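Chains, contacts and geometry: an overview
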Amino acid sequence: MDQKITATLFELAAKSLLSSEPAVMHALEKIPRGLFLPLFSTAFLGGHKKILKAMVRVWPFHCLHLGSLKAQESYYDILEAMIDGLPIPPAQNSSSRGHKLKILDLRHNSKCKTTCSHVRLTFPFCLQSCKYSQHAVLNLENTQHRARCLGMGNSGSEVESAQGTMELLVDISLNNTLRTQQFLTFLCNKVEQSSGFLHLCCRDLRINRMSANKRILQILDLGCIDHLTMDQAYPNEIVTLFAGMTHLRSLSLSNTPFRSYKGRNFRFFLILLGQLENLQELRLSFFYLKDQLHKLLRVLPPHLDTLCLSFCGLSIRDVTSLSQSSQATQLRVLNLNNNDFFSEAYEPFQVLLEKVSGTMQHLEINNCMMTDSALLAIIPNLNQCVHLRVFNFAFNPITMPVLRSLLQHLTSLPRLRHVIYPIPVHCYQERNFHHSLNRQKLAEVQAQVKAMLHMLHQDHVQWATYS
Ligand SMILES: [Zn+2]
Ligand SMILES: [Zn+2]
């Protein structure tokens, strides 16, 4: 039978089954494995918490990922119900199929299917397994695998302990909302009750003010985290966390108040930053760095892919440092929004563009006090950035003739697809940028831009503005 028709039939069967919760609960142990996937999606989207809990308990595959599923409401209630379905401690499980589930992945990931079992029948069985923690299923299974290869059977105590381990993958956001705090307390209790059976694996940690639940940080294996976002954290709190995050790939810090750049905290911050060898993305905002960027660049890995420095008080000296850094020739994404370095000079930025031209795909220089003369000067350098896909330069005082000139010159960039341009200065009365926008004049500008794009056969490039 056609695969699509089979899937539709499964979905219909799942919907029909869910019309009677007691009947599903009763039948779960007996229904075919193939029906579990559509039944799970339908139960999740319908918020059937009891059924989800029961399904986790008897899940017939090694892994279960939420993947692209998004709950409409009661999100934390649903997650708690599913976590409650885990057989903790393991002896509680009484499923006649035997307990197969090893990895419960409660993260939203649009590229991930509900289970990997149908694509990977061999070891390792799950594409999302934790690679770093010593309590990870993969590491313990490796031990088991090696022991089998060496003919040790299953008698070793380390091997035996591998049998009962489970992984719970969840993105954690520390904030002060009551429901989040309740969920984190629930998580902490579960992990503690499991006595080492459950590895709580968090790869994306968001902290909005550290004052929120700190207990969870003591439970987490910081080595698993690859994305860290912190807002309004104190320097000493940041450095304390950094020390354990050896696999961090993306770091975002905002509103971080270093009292002095000669102080102990900043020096320690630089030392720990230098130890993040896997770091690919660094995003700082409201992180005052005037004339200090060279210190950061000195310790950051040369293969940095993304550098965003918005509202960092960058000077032209900082732009010069960036143009001379080893990172400049590797960057794919560069965001220098909200720094007014163009008011000093534009030549160092020209050099920077030359350096990043071989790799850069995304450039943002919104609100950098770039005038007509600066924009005209950098156009030849922009034209060298042959990989550029996105160029944002809104909120700069540019006139319409220069905007037209730029549009004509950028037609030579083969990959350019999105441009956010500033509203030309003549659209503002008395150059009062925020309060006197003439919408009629703006509409004329937009019409002119559209007509020019059409005339130059550039309809595939989207030019837009913030109005
Ligand atoms: Zn999987
Ligand atoms: Zn882990």
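Model, not experiment: these values are computed from the prediction.

1. A look at the pattern of salt bridges
On inspection of all chains with the given rule, the structure shows 9 salt bridges. Of the charged contacts in the structure, one is a salt bridge between Asp 77 and Arg 179, with a shortest N-O distance of 2.8 Å. Of this pair, Asp 77 sits in helix α5 (residues 75–84) while Arg 179 sits in helix α8 (residues 178–193), and the two are 102 residues apart along the sequence. Note that Asp 226 is salt-bridged to Arg 249, the shortest N-O span being 3.7 Å. With a gap of 23 residues between them, Asp 226 in the loop between α9 (215–219) and β7 (227–231) and Arg 249 in the loop between α10 (235–242) and β8 (250–254) connect regions that are remote in the sequence. For Arg 249, a relative accessible area of 33% puts it in the partly exposed group.

2. Some remarks on the coordination of the zinc ion (ligand 2)
Summarising the metal site, the zinc ion (ligand 2) is bound by the protein donors Cys 130 (SG), His 199 (NE2), Cys 201 (SG) and Cys 224 (SG), whose distances to it range over 2.2 to 2.4 Å. Considering all 4 donor atoms around the zinc ion (ligand 2), angles at the metal cover 104 to 113° and the coordination shape is tetrahedral. Each donor residue of the zinc ion (ligand 2) belongs to the same chain, and together they define the spacing C-x68-H-x1-C-x22-C.

3. Quick notes on the coordination of the zinc ion (ligand 1)
Around the zinc ion (ligand 1), the protein contributes the donor atoms Cys 63 (SG), His 65 (NE2), Cys 116 (SG) and Cys 126 (SG), at 2.1 to 2.4 Å from the metal centre. Positions of the donor residues of the zinc ion (ligand 1) along the chain correspond to the pattern C-x1-H-x50-C-x9-C.

4. Description of helix α11 (residues 264–274)
For α11, the full list of buried residues reads Phe 266, Phe 269, Leu 270, Leu 272 and Leu 273. Looking straight down α11, one finds that the buried residues subtend no more than 170° of arc, so they occupy a single side. Along its buried surface, α11 packs onto α10, β8 and α12 (293–299).

5. What about the nonpolar core?
Among the nonpolar cores identified, the biggest contains 136 residues, and Phe 269 and Ile 365 are the most heavily contacted of them. Contacts of Phe 269, omitting those with residues within four sequence positions, involve Ile 238, Val 239, Phe 242, Leu 253, Phe 258, Phe 287 and Leu 296. Formed by 11 residues, the second largest nonpolar core is a distinct cluster that contains Cys 63, Cys 116, Ala 136 and Val 137.

6. Describing empty space enclosed by the protein
Following the criterion strictly, the structure yields 3 cavities of 30 Å³ or more and no others. Of the volumes computed, that of the largest cavity is approximately 70 Å³. What lines the largest cavity is a set of 10 residues, among which Phe 395, Asn 396, Pro 422, Ile 423 and Tyr 428 lie closest to the centre. The class makeup of the residues in the lining of the largest cavity is 8 nonpolar, 2 polar and no charged.

7. Focus on the sheet that holds strand β2 (residues 103–108)
On the basis of which strands lie adjacent, the open sheet formed by 4 strands has the order β1-β2-β3-β5 and parallel pairing. Looking along the sheet, the strands with just one partner apiece sit at the ends: β1 (63–67) and β5 (198–201). Taken pair by pair, the neighbouring strands of this sheet meet at an average axis angle of 10°, ignoring direction. Pairing of β1 with β2, which is carried by 4 bridges, proceeds in the parallel orientation. Across the sheet, residue His 65 finds its bridge partner in β2, namely Asp 105. Contacts from α5 reach β1, β2 and β3 (166–169) within the one sheet, and its direction differs from that of β2 by about 170°.

8. Focus: the packing of aromatic side chains
One pass over the full model with this rule turns up 16 aromatic pairs. Relative to Phe 342, the ring of Phe 341 lies with its centre 4.7 Å away and its plane at 40°, an arrangement referred to as tilted. Summarising the burial analysis for this pair, Phe 341 and Phe 342 share the class buried. Relative to Trp 463, the ring of Tyr 421 lies with its centre 5.8 Å away and its plane at 45°, an arrangement referred to as tilted. Taken together, the positions of Tyr 421 in the loop between β14 (418–420) and α17 (439–455) and Trp 463 in strand β15 (residues 462–464) put the pair 42 residues apart, joining distant regions of the chain.

9. Observations regarding the confidence of the model for the protein
When pLDDT is averaged across the protein, the result is 87; 87% of the residues are at 70 or more. Contacts for the low-pLDDT stretch residues 154–162, under 50 throughout, to residues beyond four places or in other chains number 13 contacts.

10. What to know about unusual backbone geometry
As a rule of thumb, non-glycine residues mostly have phi less than zero, and peptide bonds are mostly trans rather than cis. At Met 369, a position not held by glycine, the phi torsion is positive, near 60°. When you line up the elements, Met 369 lands in the loop between β12 (362–364) and α15 (372–382). The exposure class of Met 369 is partly exposed, given its relative accessible area of 40%. Even without glycine at this site, Phe 395 takes up a positive phi of about 55°. We classify Phe 395 as partly exposed; its relative accessible area is 45%.

Reading guide: rules and limits
- Residues numbered from 1 in each chain as written.
- Chains lettered and ligands numbered in written order.
- Predicted model: local features only at pLDDT ≥ 70, side-chain atom pairs only at ≥ 80, totals over all residues.
- Heavy atoms only, no water.
- Salt bridge = Lys/Arg side-chain N within 4 Å of Asp/Glu carboxyl O.
- Helix = DSSP H or I, 4+ residues; strand = E, 2+ residues; numbered from the N terminus.
- Buried < 20%, exposed > 50% of the residue type's maximum accessible area, 1.4 Å probe, protein only.
- Donors = N, O, S within 2.8 Å, 3.2 Å for Na, K, Ca; no water.
- Tetrahedral: all angles 85-135°; square planar, octahedral: opposite > 155°, others 65-115°.
- Arc of directions from axis to C-beta.
- Contact = heavy atoms within 4.5 Å.
- Core = buried A, V, L, I, M, F, W, Y, C linked by side-chain atoms within 4.5 Å.
- 1 Å grid on protein atoms, 1.4 Å probe; cavity = no way out; pocket = protein on both sides within 12 Å on 5 of 7 lines; lining within 4 Å.
- Points joined across faces, edges and corners; volume = space filled by probe spheres on them.
- Nonpolar A, V, L, I, M, F, W, Y, C, P; charged D, E, K, R; others polar.
- Pairing = 2+ DSSP bridges.
- Axes fitted to C-alpha atoms, helices over the stretch in contact; angles between N-to-C directions.
- Phe/Tyr/Trp six-rings, centres within 6.5 Å; stacked < 30°, edge-to-face > 60°.
- pLDDT = per-residue confidence, 0-100.

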